[in-house]
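Fold and geometry: a report
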Amino acid sequence: MPRKQVVSVILYRENKVLVGVRKADRDLDPDKCMFPGGHVHDNEDIESAIKREMSEELGIKLINPKLVYSSDFETEGESQTINWFGCTEFEGEPVPNEDAQLIWIDPKTESHLLSYKISRTALNKFLLDAGE
């Protein structure tokens, strides 16, 4: 099975990060709490993909997202390389277009809410890079 390229964003605002709870009827990762993201299209670079995905999924425009961590991951039914971007500036207010709900969490005390350890690793890398 070929490995899929995936992008995910760690949105940071007022000492909180945004996570989404996936809908129960999703094929991949139903009911999981994770950072918003999606698949990279053929012939699309990862920075274009993260901007497109956040426009589609959250209705926002990312300003200057920065790649903070990449890792291979095996999820239910798919091999992925996930590319996490950190972003502290964006236009618009996030809305849950594809997730059941969005939650702003304290990354230092509530990271356990993330369903996957790899997401917590990406968050820790983002916080270290940000000097938190």
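Residues numbered from 1 in each chain as written. Predicted model: local features only at pLDDT ≥ 70, side-chain atom pairs only at ≥ 80, totals over all residues. Heavy atoms only, no water.

Quick look at the nonpolar core
Judged by nonpolar contacts, the single largest core of 21 residues is most densely connected at Ile10, Val17, Val19, Phe35, Trp84, Leu123 and Phe126. Those elements that provide at least two residues to this core are strand S1 (4–13), strand S2 (16–22), strand S3 (33–34), strand S6 (66–75), strand S7 (78–87) and helix H2 (117–129). If one sorts the elements of this core by residue count, H2 sits on top with five residues. Non-local contacts of Leu123, meaning those with residues more than four positions away in its chain, are made with Ile10, Val17, Phe35, Pro107, Ser111 and Leu114. Of all hydrophobic cores here, the second largest spans 14 residues; its members include Val7, Leu18, Cys87 and Phe90. (Core = buried A, V, L, I, M, F, W, Y, C linked by side-chain atoms within 4.5 Å. Buried < 20%, exposed > 50% of the residue type's maximum accessible area, 1.4 Å probe, protein only. Helix = DSSP H or I, 4+ residues; strand = E, 2+ residues; numbered from the N terminus. Contact = heavy atoms within 4.5 Å.)

Considering the side chain of Ser79
Relative to the assigned elements, Ser79 resides in strand S7. According to the relative accessible area criterion, Ser79 is buried, its value standing at 12%. Of the polar contacts made by the side chain of Ser79, one reaches the side chain of Glu74; its length is 2.6 Å. (Polar contact = N/O pair within 3.5 Å; in protein donor to acceptor, adjacent residues only side chain to side chain.)

Some words on the confidence of the model for the chain
For the chain, per-residue confidence averages 92 on the pLDDT scale, and 95% of positions sit at 70 or higher. S3 is the least confidently modelled element of the chain, averaging 92 in pLDDT, while strand S5 (residues 61–63) averages 98, the highest of any element. (pLDDT = per-residue confidence, 0-100.)

Thoughts on the pattern of salt bridges
In total, this model carries eight salt bridges according to the counting rule given. Between Arg52 and Glu44 there is a salt bridge whose closest N-O contact spans 2.8 Å. One salt bridge connects Glu53 with Arg52, and the closest N-O pair in it is separated by 3.1 Å. On the basis of relative accessibility, which here comes to 6%, the residue Glu53 falls in the buried class. Judged by relative accessible area, Arg52 falls into the buried class, the value being 17%. Beyond isolated ion pairs, a larger network of salt bridges with shared partners links Glu44, Arg52, Glu53 and Glu56. (Salt bridge = Lys/Arg side-chain N within 4 Å of Asp/Glu carboxyl O.)

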